[in-house]
Amino acid sequence: MSTNKSKRLSFSGAYIDGKYIENVKDFHIEERTIVVNPEETDAYLNETNPSIIPAFSSTILEDATIEKAKSLLLLQVVESKNIGNIVFESGWDLLGNFPGSDFPKNVQLWKSPQDEAGIIEVDPYFMARQSSKSGQKEKFSVKVNLWFAPSQTDCAIHNQHDFLEIHTQIVGQGRMQKFKVKSFDSLYEDLVMTEGYTQIVPFCTVRENQQYTYPWHQYYSDTDCIWMAIEYHPKKNPN
């Protein structure tokens with residue numbers, strides 16, 4: 001594969017530009033950019049002091065060179081003025097308006113188009129930290145999309161996903177929250193998400209046969225927020 005193979009993500013527009021880069025080598029970041037490492041191996045920077053972007057994490061870079069990485073997700077805010085208008089860009093809609101959704105239409109939770117960034121091989125047990133070392137890898141289709149919610153929005157307590165997921169904060173401050181039961185007063189973990197931060201460990205427990213058990217959880221927006229969901233959809237094992 002050629003180096004620095006780039007794909008522009010479908011949610012890119014006037015406010016946020018997203019790219020997926022594969023086989024990264026000596027790749028220079030010019031403008032301030034959130035750089036997400038979706039792989040289970042570290043990404044390496046080539047700067048005055050050697051440093052890394054650890055597996056499943058992110059940082060903010062500007063005028064910096066990435067020496068090598070298997071793949072990266074790059075998110076750049078290109079226009080911050082009136083950025084809430086991003087929800088009027090093509091393909092965005094309230095979650096409650098999406099086909100098959102039973103989400104309440106009066107909650108201002110907006111979703112962008114979803115894009116398959118690429119195919120990644122990871123050990124799901126290592127990703128969920130049920131194993132301290134990477135072992136048997138599986139193939140996953142990595143799908144990404146943006147979300148927008150105004151300040152102080154509860155984005156619905158739920159516990160069902162047939163994929164692994166982590167999240168990256170792009171604008172504002174929010175929280176990933178865990179609950180003992182489907183009730184706001186049962187909150188037991190409150191993970192603060194600031195701009196440029198990625199939730200390193202998915203909330204789920206990995207089971208056999210590509211099954212994932214999630215606790216009751218939700219995203220909550222302290223301020224007006226834009227964040228990215230990174231979903232790892234398993235490529236189904238052949239029968």
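Small disclaimer: the values here were computed from a predicted structure and weren't measured. (Residues numbered from 1 in each chain as written. Predicted model: local features only at pLDDT ≥ 70, side-chain atom pairs only at ≥ 80, totals over all residues. Heavy atoms only, no water.)

### Thoughts on a negative patch on the surface
Turning to step 1, where the next piece is worked out: Taken together, the side chains of E30, E31, E47, E62 and D63 make up a negatively charged region of the molecular surface.
Turning to step 2, where the next piece is worked out: With respect to the element layout, E47 can be found in the loop between β4 (43-45) and β5 (51-53).
Turning to step 3, where the next piece is worked out: Residue class for E47 comes out partly exposed when judged on its relative accessible area of 34%. (Patch = residues over 30% accessible without salt bridge, like charges linked within 9 Å, V, L, I, M, F, W, Y side chains within 5 Å. Areas by Shrake-Rupley, 256 points an atom, 1.4 Å probe, with all protein chains shown as cover. Salt bridge = Lys/Arg side-chain N within 4 Å of Asp/Glu carboxyl O. Lys, Arg positive; Asp, Glu negative; His and termini not counted. Charge placed at Lys NZ, Arg CZ, Asp CG, Glu CD. Helix = DSSP H or I, 4+ residues; strand = E, 2+ residues; numbered from the N terminus. Buried < 20%, exposed > 50% of the residue type's maximum accessible area, 1.4 Å probe, protein only.)

### Remarks on unusual backbone geometry
Turning to step 1, where the next piece is worked out: Positioned with a positive phi, Q152 is a non-glycine residue whose angle comes to about 60°.
Turning to step 2, where the next piece is worked out: Within the secondary structure, Q152 is located in the loop between β11 (138-149) and β12 (153-154).
Turning to step 3, where the next piece is worked out: Here the phi dihedral of N209 falls at roughly 60°; this positive angle occurs in a residue that is not glycine.
Turning to step 4, where the next piece is worked out: Relative to the elements of secondary structure, N209 occurs in the loop between β16 (205-207) and β17 (211-213).
Turning to step 5, where the next piece is worked out: For N209, a relative accessible area of 66% corresponds to the exposed category.

### Quick look at the pattern of salt bridges
Turning to step 1, where the next piece is worked out: Summed over the entire model, instances satisfying the criterion amount to seven salt bridges.
Turning to step 2, where the next piece is worked out: Salt-bridge contacts for K137 lead to E40; the nearest nitrogen and oxygen are separated by 3.2 Å. Of this pair, K137 sits in the loop between α1 (124-127) and β11 while E40 sits in the loop between β3 (33-37) and β4; the two residues are 97 residues apart in sequence, bridging distant segments of the chain.
Turning to step 3, where the next piece is worked out: Linking K178 and E189 is a salt bridge whose minimum nitrogen-to-oxygen distance equals 3.1 Å. Of the two residues, K178 is situated in strand β14 (residues 174-179) and E189 in strand β15 (residues 187-193); the sequence distance between them amounts to eleven residues.
Turning to step 4, where the next piece is worked out: Judged by its relative accessible area of 30%, E189 falls in the partly exposed class.
Turning to step 5, where the next piece is worked out: The structure contains a network of salt bridges with shared partners spanning R8, D17 and K19.

### Some details on the nonpolar core
Turning to step 1, where the next piece is worked out: Within the largest apolar cluster, 53 residues are counted, with the highest numbers of intra-cluster contacts made by I16, L73, L75, I170, M228, I230 and Y232.
Turning to step 2, where the next piece is worked out: Of all elements in the fold, only β2 (16-29), β3, β7 (64-77), β10 (115-122), α1, β11, β13 (164-171) and β19 (225-234) reach the threshold of two or more residues within this core.
Turning to step 3, where the next piece is worked out: With near-sequence residues (within four places) excluded, I170 lies in contact with I16, I34, L75, V77, L146, E195, I226, W227 and M228. (Core = buried A, V, L, I, M, F, W, Y, C linked by side-chain atoms within 4.5 Å. Contact = heavy atoms within 4.5 Å.)

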